[in-house]
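# Structure assessment
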Amino acid sequence: MKKYDIVVIGGGPAGLAAAIEAKKEGIDQILVIERDRELGGILQQCIHNGFGLHVFKEELTGPEYAERFINELRSLGIDYVLDTMVLEITEDRTVHCVSSADGYRIIESQAVILAMGCRERTRGAIAIPGYRPAGVFNAGTAQRYMNMEGYMVGKKVVILGSGDIGLIMARRMTLEGAQVMAVAELMPFSGGLTRNIVQCLDDYDIPLLLSHTITKIEGKNRVEAVTVQAVDENLKPIEGTERVYECDTLLLSVGLIPENELSRSAGVAIDNATKGPIVNESMETSVEGIFACGNVVHVHDLVDFVTEESRRAGKAAAKYVKQEMATSMAILETKAQEGIGYIVPQRIRMENVGEQLPLLMRVRNVYHKAELSVKIDGVEVKRLKKAHLAPGEMERIDLPKALIEAHLGKYISVEVVKEA
């Protein structure tokens, strides 16, 4: 049985940043466990640029961004294992894993950092009628086939869902010579970043059909066509609005789900809104000594934000190992009010807050010329004007510690205030 100070589950951008930060805080015995054949996670298949603008102040591709952290991890001498699947994490922070190279291993640790990322929702989750022919892919799966394995997944394509991966794959397929017929989106707004709508759809004249969904997939052996229908305000298909698109491929970009089977097995409490662990100001979960960061907590829109959050988790885990973390019983809770989908962190111990407390959140709808109102026990302490708010773009509010302590109460709430 091997012993480490900190074990990091996941070698993607979150796990790499957390491990590096913990090492810089003076923790020597760190192990990163990655189930894929290489470090870097999803970044290795994201060959488009747009990464690193916040962290490095320059524009990088996904592999370039990952390479910087992989090189730093190796230069610091941090241990890592690849092709290794974690089977279980116990509440006493014992990690059970298996690989073809090392067999079954049990690893004891003082702290665990969960950084497993997220997975895509599948066709089964949205129940589209029809056979199960070849040619139906999750957008991320198609991205890996094309960018890492060298396979062209189709020539005439329809995309369901306007999440960022779907938008980026619309451009990628077009650049490889495919015809992208349309992107259908169930909601009356896109789930992706505005810049991706402009750069991936508008620049290539690919239509975005808002308030539309796919109601039928035709073809038995291979996709032959899909039926697209408009939906009403209750998201129900409207009779007489059917349009049939002949195609050989359907890509699904219908949402991401934090990968939390291991979290649940460890007894970690899960937030119904984020589908990720409930965390405090130090990114510690409900189980002492188990921390979480990145897309396993909540789905981020920019990897730069994942890095920043994961550095906080790595630093906090190091403080926990060194027994420097305050364990106050006085806890503030965050509450998502009108127009806000969720807030992370959900619990706050003021003793562990630095000069600023970052609150990350997503709104429920699209708002123009609105304001975000921050209240402590119902008393407004901060208001921010926003020209544009959308569910596809994460919002951040930094609250000064002094401001919170001056109005100390039991909960901090945020709500959207629409312009009169």
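It should be noted that the structure appears before, not after, this text.
Throughout what follows, the structure given in this document is the object of discussion. All figures in this text were calculated on a predicted structure; none of them were measured in a lab.

### Observations regarding the pattern of salt bridges
With the rule as written, the count across this model stands at 21 salt bridges. A salt bridge links Glu58 to Arg68; its shortest N-O distance comes to 3.1 Å. Within this pair, whereas Glu58 is found in the loop between strand 3 (49-51) and strand 4 (60-61), its partner Arg68 is found in helix 2 (residues 62-75), the two being separated by 10 residues in sequence. Of the residues examined, Arg68 reaches a relative accessible area of 34% and is grouped as partly exposed. Each of the salt bridges in this network shares a partner with another, and the network as a whole consists of Arg35, Arg119, Glu259 and Glu261.

### What about a nonpolar patch on the surface?
Where nonpolar side chains cluster on the molecular surface, the patch consists of Met85, Leu87 and Tyr104 and spans about 310 Å² of accessible area. Locating Met85 in the fold gives a position in strand 6 (residues 84-89). Under the relative-accessibility criterion, Met85 is labelled partly exposed at 40%.

### Describing helix 5 (residues 164-175)
Given a rise of 1.5 Å per residue, 12 residues ought to cover 16 Å, and the 17 Å separating the end C-alpha atoms of helix 5 matches this to within 8%. Within the sequence span of helix 5, burial applies to Asp164, Gly166, Leu167, Ile168, Met169, Ala170, Arg171, Arg172 and Met173. Buried residues along helix 5 sit in contact with helix 4 (139-149), strand 11 (156-160), strand 12 (179-185), helix 6 (194-201) and strand 17 (249-252). Gly177, located one to two residues past helix 5, shows a positive phi value of around 100°.

### Concerning the sheet that holds strand 27 (residues 411-418)
In spatial order, the strands read 22-20-27-24-25; together these five strands make up an open sheet with mixed pairing. Each edge of the open sheet is held by one strand with a lone partner, namely strand 22 (347-348) and strand 25 (379-389). Bridging between strand 24 (residues 367-376) and strand 27 involves seven bridges; their strand directions are antiparallel. Residue Leu372 lies in a different strand from strand 27, and its bridge partner there is Val416.

### Focus: the packing of aromatic side chains
Each aromatic ring pair is described using two quantities: the centre-to-centre distance and the angle formed by the ring planes. Applying the stated criterion to the full structure yields six aromatic pairs. Centre to centre, the rings of Phe56 and Tyr65 are 5.5 Å apart; their planes meet at 70°, and the pair counts as edge-to-face. Residue class for Phe56 comes out partly exposed when judged on its relative accessible area of 25%. Given the relative accessible area of 0%, Tyr65 is considered buried. Taken together, the ring pairs connect Phe56, Tyr65 and Phe69 into an aromatic cluster. A cation over an aromatic ring shows up here: Arg68 above the ring of Phe56, its NZ or CZ 4.8 Å from the ring centre. Against the face of Tyr411 rests Lys335, its NZ or CZ located 4.2 Å from the ring centre.

The rules behind each value
Residues numbered from 1 in each chain as written. Predicted model: local features only at pLDDT ≥ 70, side-chain atom pairs only at ≥ 80, totals over all residues. Heavy atoms only, no water. Salt bridge = Lys/Arg side-chain N within 4 Å of Asp/Glu carboxyl O. Helix = DSSP H or I, 4+ residues; strand = E, 2+ residues; numbered from the N terminus. Buried < 20%, exposed > 50% of the residue type's maximum accessible area, 1.4 Å probe, protein only. Patch = residues over 30% accessible without salt bridge, like charges linked within 9 Å, V, L, I, M, F, W, Y side chains within 5 Å. Areas by Shrake-Rupley, 256 points an atom, 1.4 Å probe, with all protein chains shown as cover. Expected span 1.5 Å × (residues − 1). Contact = heavy atoms within 4.5 Å. Pairing = 2+ DSSP bridges. Phe/Tyr/Trp six-rings, centres within 6.5 Å; stacked < 30°, edge-to-face > 60°. Lys NZ or Arg CZ within 6 Å of the ring centre and 35° of its normal.

All quantities given are derived from atomic positions and should not be read as evidence of function.
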